[in-house]
Amino acid sequence: MEVKGNLTINMPEAMQDGKYSNLAMITHSPSEFVLDFIAIMPAVDKANAVARIVMTPDNAKRLLLALQENVGKYEQENGPIRVAQRAAVHPDFVKPQGEA
């Protein structure tokens, strides 16, 4: 994979398919941001972390700006992305209540 000029990035074969994540948790300290990407399935009370990325605050800000730019481009091409009200866990992933 080549990015901007002569920078070549090696993508190991094991990473080429990517990992699915539908939840991200972000924490920070004065010197770093930690992004945990998680896959959570409906009606299951356990989730799997699929990746942890640790970055400096300036790189976290660059990521934010790059995401804003790319979401803007996506919405220009595909229309607005609808976002449900913020919740700790999406309601679709809460275990059903009651008895059968």
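No experiment lies behind these values; they were computed from the predicted model shown.

Cut-offs used in this document
Residues numbered from 1 in each chain as written. Predicted model: local features only at pLDDT ≥ 70, side-chain atom pairs only at ≥ 80, totals over all residues. Heavy atoms only, no water. Patch = residues over 30% accessible without salt bridge, like charges linked within 9 Å, V, L, I, M, F, W, Y side chains within 5 Å. Areas by Shrake-Rupley, 256 points an atom, 1.4 Å probe, with all protein chains shown as cover. Salt bridge = Lys/Arg side-chain N within 4 Å of Asp/Glu carboxyl O. Helix = DSSP H or I, 4+ residues; strand = E, 2+ residues; numbered from the N terminus. Buried < 20%, exposed > 50% of the residue type's maximum accessible area, 1.4 Å probe, protein only. Pairing = 2+ DSSP bridges. Axes fitted to C-alpha atoms, helices over the stretch in contact; angles between N-to-C directions. Contact = heavy atoms within 4.5 Å. Expected span 1.5 Å × (residues − 1).

Caption draft 1: Molecular detail of a nonpolar patch on the surface. Together, Val71, Tyr74, Ile81 and Val83 make up an exposed nonpolar region whose accessible area comes to about 380 Å². With respect to the helices and strands, Val83 occurs in the segment after helix 1 (57-78).

Caption draft 2: Structural view of unusual backbone geometry. For Ala43, which is not glycine, the phi dihedral falls at a positive 60 degrees. Following the sequence through the fold, Ala43 ends up in the loop between strand 4 (33-39) and strand 5 (48-55). The class of Ala43 is partly exposed, set by a relative accessible area of 35%.

Caption draft 3: Examining the sheet that holds strand 3 (residues 23-28) more closely. Overall, antiparallel pairing links the three strands, which are arranged 3-4-5 in an open sheet. The sheet is open, and its two borders are formed by strand 3 and strand 5, each paired with just one other strand. Mean inter-strand twist for the sheet, computed between neighbouring axes without regard to direction, equals 20 degrees. Contacts from helix 1 reach strand 4 and strand 5, with the element oriented near 115 degrees to strand 5.

Caption draft 4: Quick look at helix 1. Taking 1.5 Å of rise per residue, the 22 residues of helix 1 would be expected to cover 32 Å, and the 31 Å separating its terminal C-alpha atoms lies within 8% of that figure. Among the residues trailing helix 1, Gly79 stands out with phi positive, at a value near 90 degrees.

Caption draft 5: Geometry of the pattern of salt bridges. Counted under the stated rule, the structure contains two salt bridges. Between Arg52 and Asp36 there is a salt bridge; the shortest N-O distance is 2.6 Å. Here Arg52, found in strand 5, pairs with Asp36, found in strand 4; they are 16 residues apart in sequence, far enough to count as distant. A salt bridge links Lys73 to Glu69; the shortest N-O distance between them is 3.1 Å. Of this pair, Lys73 and Glu69 both sit in helix 1, separated by four residues, roughly a single helical turn. Overall, the relative accessible area of 40% leaves Lys73 in the partly exposed class.

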